[in-house]
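Notes for the structure review
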Amino acid sequence: MKEIADILKAYQKAEKENKRAALATVVKVEGSSYRRPGARMLITEDGQLTGAISGGCLEGDALRKALSAIVQQENKLVTYDTTDEDDAKFGVQLGCNGIVHILFEPINSSDEHNPISFLSSLHRERENGVLTTLFSLESKTHPGTSMLYREKSLQSKAPVLLHKEIIEDSIEALSNKTTAFKVYTLESGPVDAFLEFIRPPISLVIAGAGNDAQPLAEIAYLLGWNVIVADGRPAHASSQRFPNASQVLVVKPAQLLSQIEIDEQTAFVLMTHNYNYDTELLNFLLNTKAPYIGTLGPKKKLVRMLDELNLNTPEHASRIHGPVGLDIGAETAEEIAISIISEIKSVFTGASARFLKEKKESIHFQQVKASL
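Think of each chain on its own: its residues are numbered from 1, step by step along the sequence as written. Only residues with pLDDT of at least 70 are given local features in this predicted model, and only at 80 or more are side-chain atom pairs given and counted; all residues enter the totals for whole chains, interfaces and linings. Computation of side-chain values covers all heavy atoms of the structure but excludes hydrogens and water.

**Observations regarding the UniProt feature "domain: XdhC Rossmann" (unreviewed entry) in the protein**
- Under the feature "domain: XdhC Rossmann" (unreviewed entry), the UniProt entry names residues 204-344.
- Strands here are runs of E lasting at least two residues and helices are runs of H or I lasting at least four, both read from the DSSP assignment and numbered beginning at the N terminus. Secondary structure within residues 204-344 divides into 37% helix and 18% strand; the distance between the first and last C-alpha atoms comes to 9 Å. UniProt positions are given in the numbering used here, feature names are shortened, and annotations may be inferred rather than shown by experiment.

**Points about the domain arrangement of the protein**
- Segmentation into domains, and thus their bounds, comes from an automatic or database assignment. Assigned domains of the protein: these are domain 1 (1-108), domain 2 (125-200) and domain 3 (203-349).
- Between the C-alpha centres of domain 2 and domain 3 the distance comes to 37 Å.
- We call two residues in contact whenever any of their non-hydrogen atoms come within 4.5 Å of each other. Taken together, the contact between domain 2 and domain 3 spans 5 residues of the former and 5 residues of the latter.
- Of the roughly 480 Å² buried where domain 2 meets domain 3, counting both sides, 27% is carbon and sulfur surface.
- Accessible area that two parts lose when put together, with a 1.4 Å probe and added across both, is what the buried area reports. Three residues stand out in domain 2 for area buried against domain 3, namely Arg 126, Arg 199 and Pro 200, and they jointly supply 83% of the buried area on that side.

**Comments concerning the pattern of salt bridges**
- Here, a salt bridge means any Lys or Arg side-chain nitrogen found within 4 Å of an Asp or Glu carboxyl oxygen. Throughout the structure, instances matching the rule amount to 17 salt bridges.
- Across the pair Arg 40 and Glu 196 runs a salt bridge, and its minimum N-O distance is 2.7 Å. Of this pair, Arg 40 sits in strand β2 (residues 40-44) while Glu 196 sits in strand β10 (residues 189-198), and the two are 156 residues apart along the sequence.
- Residue burial is assigned from relative accessible area. The probe radius is 1.4 Å, only protein chains are included, and a residue is buried under 20% of its type maximum, exposed over 50%, and partly exposed in between. Given the relative accessible area of 10%, Glu 196 is considered buried.
- In this structure, Asp 61 and Arg 64 form a salt bridge, with 3.1 Å as the shortest nitrogen-oxygen distance. Pair noted here: Asp 61 and Arg 64 are both in helix α2 (residues 59-72), with a separation of 3 residues, about one helical turn.
- The class of Asp 61 is buried, set by a relative accessible area of 11%.
- The network of salt bridges with shared partners includes Lys 13, Glu 17, Lys 19 and Asp 46.

**A closer look at helix α11 (residues 333-349)**
- Helix span, as expected, comes to 1.5 Å for every residue beyond the first. Taking 1.5 Å per residue as the helical rise, α11 with its 17 residues ought to reach 24 Å, and the 24 Å between its terminal C-alpha atoms agrees with that figure.
- Taken together, the buried positions of α11 are Ala 337, Ser 339, Ile 340, Ile 341, Glu 343, Ile 344, Ser 346, Phe 348 and Thr 349.
- Contacts from the buried residues of α11 go to β11 (203-207), α6 (213-222), β14 (266-270), β15 (292-295) and β16 (320-321).
- Gly 350 sits one or two positions beyond α11 and adopts a positive phi of about 75°.

**Looking at unusual backbone geometry**
- Each neighbour pair has its own omega, and for Gly 322 with Pro 323 the value is 0°, a cis peptide bond.
- Mapped onto the secondary structure, Pro 323 falls in the loop between β16 and α11.
- Positive phi, close to 65°, is recorded for His 273, a residue that is not glycine.

**Some points on the sheet that holds strand β3 (residues 49-51)**
- Strand order in this open sheet of 5 strands is β3-β2-β1-β5-β4, and the pairing throughout is antiparallel. Of all the strands in the sheet, just β3 and β4 (76-81) have a single pairing partner and so form its edges. The mean angle between the axes of side-by-side strands here comes to 25°, regardless of whether they run parallel or antiparallel.
- Strands qualify as paired when DSSP identifies two bridges or more between them. Sheet topology places strand β1 (residues 21-31) next to strand β5 (residues 98-106); 9 bridges connect them, and they run antiparallel. Bridge pairing in β5 places Thr 25 opposite Leu 103.
- Interaxial angle, 0 to 180 degrees, is taken between N-to-C directions of lines fitted to C-alpha atoms, where a helix line uses only the stretch in contact. Together, β1, β2 and β3 form the strand contacts of helix α1 (residues 2-16), whose direction differs from that of β2 by roughly 15°.

In structure tokens:
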């Protein structure tokens, strides 16, 4: 979602400056690639790039393709194949032994269902969604970004013939929380579909506004996470100390939960260095659906807290991470912040957090269901 947020911000700037733009989306990858389906980049007519569709090897050629799409005002699908010697001749080196299909969509601001409008709707609400992009590997039929399905809302410009079928597949993808690839049939022939399951960004609630909380808040912000800082000390909990937090609250534990939204994408880190504050807040949090609760400090501190609350059970232990963070030998506040952020990310993606060199499957996190 960080990439989408950056793209929306860049498009708003381009629109104010009357600059035309196109959206490039990786819609399919065969083999390995630096970026996976769903990677996006905004290209303006003066050559400004926001986002990324590769490690830098495709961006130069993508600029030319995007400008062509802008001038002709039509969607274009471009395939980059590392096994094709002509790609090497033109300086396109993917370096990953993969085939990457990228869809270029010119943005027409007068079209209420242009690709940016779908991304804006997705970004506006903290709700899971399925974004469908239509293209064709066999013809020049590329409808582009066509539908955003969420449990309580629908935005669509999908072809009438496919509307019902895409909704049914979107419901399944949303229910299973998986991205899917489908092939539908139009009168003009088969059309490929990339149904991308997208979660809202992680919301990180940091209980504690000490100096060690500052790098944690800053790194989370750089990742595009929603950051909330809470503490009972007015001198510590201030927007001046945490300028990039969406909320900075001076509250007692009993007041905190009523002032924030907690969903399946919410993580808490308790680091007030106040035992009573952390214990009281932990008691409240265990009655919520927050999937991740981290506590700073030694294991014996957490055991003592749970014993006092009569909550030292295996059920609660699965949600509580104490000491918080991964074992990377962290000592400084900045290193500890990296350790905590890494653990939170691994928990929310279900990743192992082991060395990538030991991973036999794809290094990219995937929740994909393919269907023909």
